[in-house]
Amino acid sequence: MNPTDAIPLLHDHLLRAAARLPDKVAVICGDERVSYGELARRARALAGTLAARGVRRGDRVVVFGDNTVATVVSFWAALAANAVVSVVNPQTKTDKLTYLLNDCRARAVISDAHLAHVFAPAVARAPHVELVIVSGELTGRARELVAPLPGALAWADAIAAGEPPRRACLDVDLAAIIYTSGSTGDAKGVMLTHRNMLTACASISTYLEVAEDEIILCVLPLAFDYGLYQMIMAVARGATIVLERSFVFPAQVLAKVVAEKVTAFPGVPTIFAVMAGMSTLGQYDFSAIRYVTNTAAALPVKHITMLRGLFPKARIYSMYGLTECKRCTYLPPADIDRKPESVGVAIPNTELWLVDEHDRRVGPGEVGQLVIRGATVMRGYWEKPEETAKKLRPGPLPGELVLYTGDLCRLDDEGYLYFVGRMDDIIKSRGEKVAPKEVEAAIVAIAGVRECAVIGVPDDVLGQAVKAFVVLEPGTALDARAIQQACAARLESFMVPKHVEIVAELAKG
């Protein structure tokens, strides 16, 4: 081994899996089954294309795609090209995508033909983009939209042949930027190094006991770190990932779970709430499931009971985390009955504690801000030093920075963590962060709306639901449904208010 390669980078997981298990199925997506050998070949070829078209070390590559094989290939290819990858939710609208492309000054964009109506106008307003690679069939209007874009290239040509450039990164270099909403409404790019992501992958896959023969379901967006790490952990362990675009058609997804003998079922409260309402669950054979995971919010006891009955052989993990450090805690399955409301203990190779408003540590039973220490903690927010300084502060040991999460929690006498609330006004709905200011801006932009205030309200299914209080201009005939429809045209689906209340005026004070 070359001495410079002795310290691993994130994409070494794919290279090692391909060398060890070239014929094993790595990804199942619809009718497509891709082996580790073929996955690595495509990723290496695409990395070569990126480099040949001008992508250099540290350049940002935005992958704007669904849960598809092309998105998986693109993720690993960007890393092999010594670039920084950012996977963006395909529900993102053109204006926000334009902001993201310009914020990170993306050099390349990889997307799918069916999203051309979204990404083409965004790329046209992003002067740093020099290469656009498009998967899927380019016909009709999509072809017209893509043709004038810089360096436009079809997927088949991009992965036809080629070798990646020479390895040029260190493990402290950035591997990914994951965008997350902020309290100002502007998305912030969480910077994660190879070391951050390698550590998180190793820690989580260790306590989950992820095995090589695992078959992991992923209905969570690869743009969402919870979904992305399912794929990363699968590759790290040489396991198989089953990609589904969403849980919109639960019966179809569950049939796939049975047919593929899925062993790992990662979910969020929304998914489990949908399952709890299904009258046909008894017809599915889930005996192959070894473990079930939940994050975004603690599972209600009724859902824990439901999961126990549905997956009698499975270990059930309740977890808690945030993009800035991936995962904070997990509740060992053996503790779920005696501490069902807890989100557990610190994940391996991290430490946590709580502090009051004066930065003094608080004891058991007291509420304080959660602080995380460890190699999973982000490098910072992309080009937002003031925002970074609020989150990353000096730790107890000289020269280190630790993460002040902005989340209020309490610890019990045994050191188990309980989530209480957030210090800012971010709404967590369907496992996604929603900035009220972003929703308010979209609603105020609707003709006939004078004012708007958006809050989060408790919801058994969503964790929190978005609620908007709207003041209309005199004589306007808008109703709640019309406002929701207008929001759906401007915002990702998880940001659209579930509740809209028309009011005469907003409370001031």
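Scroll up a little and you will see the structure.
In what follows, the accompanying structure is described. These figures come from a predicted structure and were not determined experimentally. (Residues numbered from 1 in each chain as written. Predicted model: local features only at pLDDT ≥ 70, side-chain atom pairs only at ≥ 80, totals over all residues. Heavy atoms only, no water.)

1. Observations regarding the overall build of the chain
This is how the line gets drawn: The helix and strand labels rest on DSSP assignments: H or I over at least four residues marks a helix, E over at least two residues marks a strand, and numbering proceeds from the N terminus. Radius of gyration means the value over C-alpha atoms here, while the globule rule gives 2.2 Å times the residue count to the 0.38 power. Burial classes: relative accessible area under 20% of the type maximum marks a residue as buried, over 50% as exposed, and values in between as partly exposed (1.4 Å probe, protein chains only). Any two residues whose heavy atoms approach within 4.5 Å at even a single point are treated as in contact. The Shrake-Rupley method, run with a 1.4 Å probe, gives the accessible areas here. Residue values count only the displayed protein chains as cover. Counted as positive: Lys and Arg. Counted as negative: Asp and Glu. His and the chain ends are not counted at all. By convention, charge coordinates are those of NZ in Lys, CZ in Arg, CG in Asp, or CD in Glu.
What the chain contains, in helices and strands, is 15 helices and 27 strands. For 509 residues, the compact-globule estimate of 2.2 N^0.38 gives 23 Å, and the chain sits close to it at 23 Å. Along the first, second and third principal axes, the C-alpha atoms of the chain reach 60 × 60 × 60 Å. Within the chain, buried positions represent 59% of all 509 residues. Restricting to contacts in the chain with at least 6 residues of sequence separation, those with at least 24 account for 67%. When the accessible surface of the chain is totalled, it reaches about 20,500 Å², and 53% of it is carbon and sulfur. Between the averaged position of the 55 positive side-chain charges in the chain and that of its 57 negative side-chain charges there is a distance of 3 Å.

2. Quick word on the pairing of strand 12 (residues 264-267)
Keep this limit in mind: Two strands are counted as paired when DSSP detects at least two bridges linking them. Seen with the strands pointing away from the viewer, any crossover whose path from the first strand over the helix to the second strand runs clockwise is right-handed.
Side chains Ala264 and Pro266 project from strand 12 onto one buried face, and the interleaved Phe265 and Gly267 project onto a second face that is buried too. Note: strand 12 against strand 13 (residues 291-294), 4 bridges, orientation parallel. Paired with Phe265 across the two strands is Val292, which belongs to strand 13. What joins strand 12 to strand 13 is helix 11 (residues 269-276), and the crossover it makes is right-handed.

3. Concerning empty space enclosed by the protein
Basically, it comes down to this: The pocket and cavity definitions rest on a 1 Å grid over protein atoms only: a 1.4 Å probe that fits but cannot leave marks a cavity, an open set with protein on both sides within 12 Å along at least five of seven lines marks a pocket, and residues lining either have an atom within 4 Å of a point. Grid points are joined across faces, edges and corners, and a volume is the space filled by probe spheres set on the points. Polar here means any residue outside two lists: the nonpolar Ala, Val, Leu, Ile, Met, Phe, Trp, Tyr, Cys and Pro, and the charged Asp, Glu, Lys and Arg; Gly therefore counts as polar.
Scanning the entire structure with this criterion turns up 2 cavities of 30 Å³ or more. As a volume, the largest cavity reaches approximately 450 Å³. As for the largest cavity, its lining consists of 30 residues, of which Tyr179, Thr180, Ala223, Phe224 and Glu432 are closest to the centre. Sorting the residues of the lining of the largest cavity by element identifies strand 4 (84-88), helix 4 (94-104), strand 8 (174-180), helix 9 (225-237) and strand 24 (432-434) as the ones contributing at least two each. Residue classes in the lining of the largest cavity are distributed as 13 nonpolar, 9 polar and 8 charged. In this structure, the second largest cavity spans a volume of roughly 50 Å³. For the lining of the second largest cavity, the elements supplying multiple residues, two or more each, are helix 1 (12-20), helix 2 (36-52) and helix 3 (69-80).

4. Here's the deal with the state of the cysteines
Threshold: In plain terms, two cysteine sulfur atoms within 2.5 Å form what is called a disulfide here.
Evaluation of the coordinates by the stated rule reveals 0 disulfides. This cysteine, Cys452, is not joined by any disulfide, and Cys487 carries the nearest cysteine sulfur, 7.6 Å off.

5. Quick look at helix 11
With respect to burial, helix 11 is a largely interior element, 6 of its 8 residues being buried. Looking at the packing, one finds that the buried side of helix 11 touches helix 10 (250-259), strand 12, strand 13 and helix 12 (301-310).

6. A short note on the pattern of salt bridges
Spelled out, the test is: The working definition used for a salt bridge is a side-chain nitrogen of Lys or Arg within 4 Å of a carboxyl oxygen of Asp or Glu.
Following the criterion strictly, the structure yields 33 salt bridges and no others. Residue Glu163 is joined to Arg44 by a salt bridge in which the shortest nitrogen-to-oxygen separation is 2.2 Å. On the criterion of sequence distance, the pair formed by Glu163 in the loop between helix 7 (155-158) and strand 8 and Arg44 in helix 2 is long-range, its members being 119 residues apart. Here Arg44 falls in the partly exposed class, since its relative accessible area comes to 30%. Measuring nitrogen to oxygen at the nearest pair gives 3.3 Å for the salt bridge that ties Arg373 to Glu351. With Arg373 in strand 18 (residues 367-374) and Glu351 in strand 17 (residues 350-355), the pair connects residues that are 22 residues apart, well separated along the chain. With relative accessibility at 41%, the residue Glu351 sits in the partly exposed group.

7. Regarding unusual backbone geometry
A negative phi angle characterises most non-glycine residues, just as the trans form characterises most peptide bonds. If you check the backbone angles, Lys261 has positive phi at about 55° while not being a glycine. Its location among the elements puts Lys261 in the loop between helix 10 and strand 12. Even without being a glycine, Lys326 presents a positive backbone phi close to 70°.

8. Focus: the packing of helix 1 against helix 9
Packed helices, taken two at a time, are described by their axes: the angle between them and the distance between them. Defined as follows: Each axis is a line fitted through C-alpha atoms, taken for helices only over the stretch in contact, and angles between the N-to-C directions span 0 to 180 degrees. Relative orientations are named as follows: roughly parallel for angles under 35 degrees, roughly antiparallel for angles over 145 degrees, roughly perpendicular for angles from 65 to 115 degrees, and oblique for any other angle. Each crossing gets its handedness from the near helix: less than a right angle anticlockwise from the far helix is left-handed, clockwise is right-handed.
Relative to each other, helix 1 and helix 9 sit at 45°, their axes nearing to 7 Å. Relative to helix 9, helix 1 is oriented oblique. Relative to helix 9, the crossing made by helix 1 is left-handed. Contacts between helix 1 and helix 9 pair His13, Leu14, Ala17 and Arg20 from the former with Val235, Ala236 and Arg237 from the latter. For the contact of helix 1 with helix 9, the residue count by class is 4 nonpolar, 1 polar and 2 charged.

9. Here's the deal with the packing of aromatic side chains
The condition that has to hold: Only rings of Phe, Tyr and Trp enter the pairing, Trp through its six-membered ring, and a pair is recorded when the two centres are within 6.5 Å. The plane angle decides the type: under 30 degrees is stacked, over 60 is edge-to-face, the rest tilted. For a lysine, the NZ atom is tested; for an arginine, the CZ atom; a charge sits over a ring if that atom is within 6 Å of the ring centre and within 35 degrees of the ring normal.
Inspection of every chain in the model, using the stated rule, returns 10 aromatic pairs. A ring pair is formed by Tyr320 and Phe419, whose centres lie 5.6 Å apart and whose planes are at 40°; its orientation type is tilted. Within this pair, whereas Tyr320 is found in strand 14 (residues 315-320), its partner Phe419 is found in strand 22 (residues 417-422), the two being separated by 99 residues in sequence. For Tyr320, a relative accessible area of 5% puts it in the buried group. With relative accessibility at 30%, the residue Phe419 sits in the partly exposed group. The rings of Phe265, Phe272, Tyr284, Phe286 and Phe311 are connected pair by pair, giving a single aromatic cluster. The ring of Trp353 is capped by Arg361, whose NZ or CZ atom sits 4.1 Å from the centre of that ring. The residue whose ring lies beneath Arg393 is Tyr404, and the NZ or CZ to ring-centre distance is 4.1 Å.

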